[in-house]
Amino acid sequence: MPKGSIGVAVVGCGIIGSAVSEALRNETALFKQRAGVTLQLRHVIERDKDRARQAAIPEKLISDDFSIALKDPQTHVIVELIGGLEPARTFVLQALKAGKHVVTANKYLLATHGKEILAAAKKAGTCVQFEASCGGAIPIIAALTESLLANDISRVVGIVNGTCNYILTQMTQNGQSYEAALKGAQDAGYAERDPTFDVNGTDSAHKLAILSSLAFGAEVPFDKIEVSGIDKLSDVDLKYARDLGYVCKLLAIGEKTEGGLSLRVHPTFVSVDQMLANVHGSFNAISVYGHAAGQTLYYGRGAGGKPTSSAVISDILEIALGTAQLLFANLPILTDKKKLNFLPSSQIISRNYLRVTALDVPGVLAHITNILSKHGISLAAINQPESKVGHSVPIVITTHEAKDGAVLKAIKEIDQLKTITAPTVRIRVLQ
Ligand code: HSE
């Protein structure tokens, strides 16, 4: 690779691809001033050429043939922004084999085939950069692989999906419906092409797999992560959260416990006085706990074309500077992962919010509290609004810390009571 100048091919011209291509055409003077290197956009590979034309890409740069970028000796970096598993995986492996460096924002690909891809890069003597895969513009990968290297990291907790955070913010602060808020996130360019992975928690789990593998230096098979999303949340619980002094956030949590690594993504009630409760809209925030640093927090725009292009282009510049290759070749937590134990989900300990729906008849509350007490679950608060005898009524409970296995068993028993008229809702409370 020539010093001071680097040729780039962008593969995929969706929201991020368009923003990256635009910056590579219009902001090279800034990049030269900041990093001392010249970036040259040589190809934009897009199956739907009209899409690239609509993004104002000059005709001579557009192609639907990936092999053009592969064969071009002046293309040093291939930026994969098509998303999904295939053909992204094949293109990335071909690029590495051809001696190109790869920059990708593809969390799905890395969470699923990361081990294979990183090994292929090592074998080829090239590198893979993926700052844009987690947290959009937030330099969280750099924090984990550079700035916090002196730390034994015990916990990573974050809001890592801009779409979900935007939806929850709109529903909570502006009273929008779930559907209207999701449409808003799609219109703003935050959501994936198919937003299913955003709202069902899978996208956050992909990011958690990447972050926790770097934080803990561990191999993280994706199926070790417990995942639930915001797609089944009800407005009623968001309202009760507010009444209780909480905000509901979709959190990705990775922590080292004595029983092994605990990895999970789920809606969580966060006390309004915690920093994560005050992260709104498409913003993301990730807290990392190091033995020396203590708690650190990284905050910024987690989705959208322009913010994500900041991470993509910084990755390209680090390759142009040669720092990315050095780190990739020498840093064990990037490629040489330890096999660690995982904590079974029944052993996870957390506080809980329960909304039990029961007929208002004598003894119902006693039955519920008896079951909770039998399973060793201690109540922090309980509230039932006044109602008419014989009508269904919500009983809102928060618990002290309890093991998940015990909580789920208790809920199952509660829901079998004849007086229970709807399944109990359980949401974890952040401690
Ligand atoms: N759809 C993702 C989000 C994009 O909403 O966070 C950034 O990875």
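Residues numbered from 1 in each chain as written. Predicted model: local features only at pLDDT ≥ 70, side-chain atom pairs only at ≥ 80, totals over all residues. Heavy atoms only, no water.

Chemist: Honestly, the overall build of the protein in this entry has me stumped. Any pointers?
Modeler: In terms of helices and strands, the protein carries 17 helices and 17 strands. Relative to the 2.2 N^0.38 estimate, which gives 22 Å for 431 residues, the radius of gyration of the protein is 24 Å and therefore close to what a compact globule would have. For the C-alpha atoms alone, the extent of the protein along its principal axes is close to 80 × 45 × 35 Å. Taking all 431 residues of the protein together, the buried fraction comes to 55%. Contacts in the protein between residues far apart in sequence, at least 24 positions, make up 73% of those at least 6 positions apart. Surface accessibility of the protein: about 18500 Å² in total, with carbon and sulfur atoms responsible for 53%. A gap of 3 Å separates the mean positions of the 44 positive and 40 negative side-chain charges of the protein. (Helix = DSSP H or I, 4+ residues; strand = E, 2+ residues; numbered from the N terminus. Rg over C-alpha atoms; globule rule 2.2 N^0.38 Å. Buried < 20%, exposed > 50% of the residue type's maximum accessible area, 1.4 Å probe, protein only. Contact = heavy atoms within 4.5 Å. Areas by Shrake-Rupley, 256 points an atom, 1.4 Å probe, with all protein chains shown as cover. Lys, Arg positive; Asp, Glu negative; His and termini not counted. Charge placed at Lys NZ, Arg CZ, Asp CG, Glu CD.)

Chemist: What's the story with the site of the ligand in this structure? I'm lost.
Modeler: By nearness alone, 13 residues border the ligand, and Lys107, Gly162, Thr163, Glu192 and Asp198 come closest of all. Separating an oxygen atom of the ligand from a backbone N or O atom of Gly162 is a distance of 2.8 Å. Here Thr163 contributes a side-chain N or O atom positioned 2.6 Å from an oxygen atom of the ligand. Look at the ligand: alone it shows 250 Å² of surface, and the protein chains cover 93% of it. Among the secondary structure elements, those contributing two or more residues to the shell around the ligand are helix 8 (162–174) and helix 11 (202–216). The residue inventory of the shell around the ligand, partitioned by class, reads four nonpolar, four polar and five charged. (Near = heavy atom within 4 Å. Polar contact = N/O pair within 3.5 Å; in protein donor to acceptor, adjacent residues only side chain to side chain. Nonpolar A, V, L, I, M, F, W, Y, C, P; charged D, E, K, R; others polar.)

Chemist: Please clarify how the domain arrangement of the protein should be interpreted in this entry.
Modeler: Interface extent is often summarised as the accessible area lost during association of the parts. As far as domains go, the protein holds domain 1 (5–134 + 306–335), domain 2 (140–303) and domain 3 (348–429). Here domain 1 and domain 3 have C-alpha centroids that lie 51 Å from each other. (Domains from an automatic or database assignment.)

Chemist: Explanation requested: the sheet that holds strand 3 (residues 62–63) in the structure shown.
Modeler: Sheets are built from strands paired through backbone hydrogen bonds, the pairs being either parallel or antiparallel. If you walk across this open sheet you meet the six strands as 3-2-1-4-5-6, and the pairing is parallel. Strands at the two margins of the open sheet, each flanked by one partner only, are strand 3 and strand 6 (128–129). (Pairing = 2+ DSSP bridges.)

Chemist: I keep staring at helix 8 and nothing clicks. Help me out?
Modeler: Because an α-helix packs 3.6 residues into every turn, residues spaced three or four apart end up facing the same way. In this model, helix 8 (13 residues) spans 17 Å end to end at C-alpha, consistent with the 18 Å of a helix rising 1.5 Å per residue. Within helix 8, 10 of the 13 residues are buried, which leaves it mostly tucked inside the rest of the structure. Buried residues of helix 8: Gly162, Thr163, Cys164, Asn165, Tyr166, Ile167, Leu168, Thr169, Gln170 and Met171, and no others. The secondary structure elements touched by the buried residues of helix 8 are strand 7 (153–159), helix 9 (178–187), helix 10 (196–199), helix 12 (235–244), strand 9 (246–257) and strand 11 (283–290). (Expected span 1.5 Å × (residues − 1).)

Chemist: Please clarify how the pattern of salt bridges should be interpreted in this entry.
Modeler: A side chain with one charge can pair with a side chain of the opposite charge if their charged atoms come near. According to the stated counting rule, one finds 23 salt bridges in the structure shown. With a shortest N-O distance of 2.8 Å, Glu192 and Lys107 are connected by a salt bridge. Here Lys107 lies in helix 6 (residues 107–124) and Glu192 lies in the loop between helix 9 and helix 10, a separation of 85 residues in the sequence. Ionic pairing is found between Glu255 and Arg264, a salt bridge with its closest N-O pair at 3.1 Å. By relative accessible area, which is 14% here, Glu255 ends up buried. Taking the relative accessible area as the measure of exposure, Arg264 reaches 3% and is therefore buried. In this structure, a network of salt bridges that share partners links the residues Lys107, Glu192, Asp203 and Lys207. (Salt bridge = Lys/Arg side-chain N within 4 Å of Asp/Glu carboxyl O.)

Chemist: Sorry, what's going on with the pairing of strand 2 (residues 38–45) here?
Modeler: Looking along a regular strand, one sees the side chains alternate between the two faces of the sheet. In this sheet, strand 2 lies alongside strand 1 (residues 5–11) in parallel orientation, the contact comprising seven bridges. Its bridge partner being in strand 2, Val10 is matched across the sheet by Val44. Direction of pairing for strand 2 relative to strand 3: parallel, over a ladder of two bridges. Bridge assignment links Val44 to a residue of strand 3, and that residue is Ile62.

Chemist: I tried to follow helix 12 on my own but got confused; where do I start?
Modeler: Looking at helix 12, one finds that the buried residues are Asp237, Leu238, Tyr240 and Ala241. All buried residues of helix 12 lie within an arc of 160° about the axis, which places them on one face of the element. Within helix 12, the exposed residues directed more than 90 degrees away from the buried face are Asp235 and Asp243. Lining the buried residues of helix 12 we find helix 8, strand 9, strand 10 (260–271), strand 13 (349–359), strand 15 (392–399) and strand 17 (420–429). Sitting at the amino-terminal end of helix 12 is Ser234, which places a side-chain oxygen 3.1 Å from the backbone nitrogen of Val236. Gly245 sits one or two positions beyond helix 12 and adopts a positive phi of about 90°. (Arc of directions from axis to C-beta.)

Chemist: What's the story with the side chain of Arg426 in this structure? I'm lost.
Modeler: Its location among the elements puts Arg426 in strand 17. Engagement of the side chain of Arg426 in a polar contact is seen with the side chain of Asn352, the distance being 2.7 Å. At a separation of 3.3 Å, a polar atom in the side chain of Arg426 contacts the side chain of Asp404. Setting aside residues no more than four positions away along its own chain, Arg426 makes contact with Asn352, Tyr353, Leu354, Asp404, Val407, Leu408 and Ile411.

Chemist: How should I be thinking about the environment of Pro267 in this particular structure?
Modeler: Take Pro267: it is sitting in strand 10. Between the C-alpha atom of Pro267 and that of Pro221, which follows or precedes it by 46 residues, the distance is 22 Å. In this structure, Pro267 is in contact with Ser228, Gly229, Leu233, Cys248, Lys249, Leu250, Ile427 and Arg428, ignoring residues within four places of it in sequence.

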